[in-house]
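Fold and geometry: a report
Next come the chains, spelled out residue by residue.
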Amino acid sequence: MLIINDTQIQEEGEIYERPYITRGIKRNCIEITIGKQDNVTYDTLVNTFSDGASIIRRLKEKRIEKQLVSEATETEEAVYQEVEIEYDQDYPLTDFVVAGDIIDKRDGTFVVYMGMKTETEILEEQNAELMLTLVGGEE
């Protein structure tokens, strides 16, 4: 499951990271396949996967934990059994904030690309912030 700005969408299969040309620049992107779902249309995806979107991938995972069956007594030791516990694990995809292509596969499924900012874009933003700080400090 993906959580994008508090909207939940079920992805299908793995999410692949690969180079992809978005906005005329080759950048690292994630490729997300979204299967047919109620209330998921091209328009809802355009509104959800926008620039700066916060994306978290939530996966169900399992771990083995020891669970107490009976407590220790004066004559016997405590007895434990191993139990499989299922839990949600969140994986933030915070580097992927540039909205890319949304491809309608015409069978109810979509492919969405979200990209990373390039080094040049990051430097331009840092320079703009620095200029705002310098210009704002002169008043």
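Residues numbered from 1 in each chain as written. Predicted model: local features only at pLDDT ≥ 70, side-chain atom pairs only at ≥ 80, totals over all residues. Heavy atoms only, no water.

1. Comments concerning the sheet that holds strand β4 (residues 25-34)
By definition, the strands of a sheet pair up through backbone hydrogen bonds, in either a parallel or an antiparallel sense. The criterion, for reference: When DSSP finds two or more bridges between two strands, those strands count as paired. Counting from the N terminus, the helices are DSSP H or I runs at least four residues long and the strands are E runs at least two residues long. For every element, the axis is a line fit to its C-alpha atoms; helices are fit only across the contacting stretch, and the angle between N-to-C directions ranges from 0 to 180 degrees.
The four strands are arranged β3-β4-β8-β7 in an open sheet whose pairing can be described as antiparallel. Looking at the sheet topology across the chains shown, the edges are occupied by β3 (16-22) and β7 (96-104). Across the sheet, the mean angle from the axis of one strand to that of its neighbour is 35°, orientation sign disregarded. Pairing between β4 and strand β8 (residues 110-116): six bridges, direction antiparallel. Considered in β8, the bridge of Ile 30 is made with Met 114.

2. What to know about the nonpolar core
Which entries qualify depends on this criterion: Residues enter a nonpolar core if they are buried and are Ala, Val, Leu, Ile, Met, Phe, Trp, Tyr or Cys, with the set joined through side-chain atoms within 4.5 Å. Exposed residues in this analysis have more than 50% of their type's maximum accessible area, buried residues have under 20%, and partly exposed residues fall in between, with area computed by a 1.4 Å probe over protein chains only.
Ranked by internal contacts, the top residues of the largest apolar core, which has 20 residues, are Ile 32, Ile 34, Leu 45, Phe 49 and Met 114. Secondary-structure elements contributing two or more residues to this core are β1 (2-4), β4, β7 and β8. Per element, the largest residue contribution to this core is four residues, and it comes from β8.

3. A few points about the environment of Lys 105
In this structure, Lys 105 sits in the loop between β7 and β8. What makes Lys 105 partly exposed here is its relative accessible area of 47%. Considering only alpha carbons, one finds Lys 105 and Gly 35, 70 residues apart in sequence, at a separation of 9.9 Å.

Purely spatial values, then, with no claim about function.
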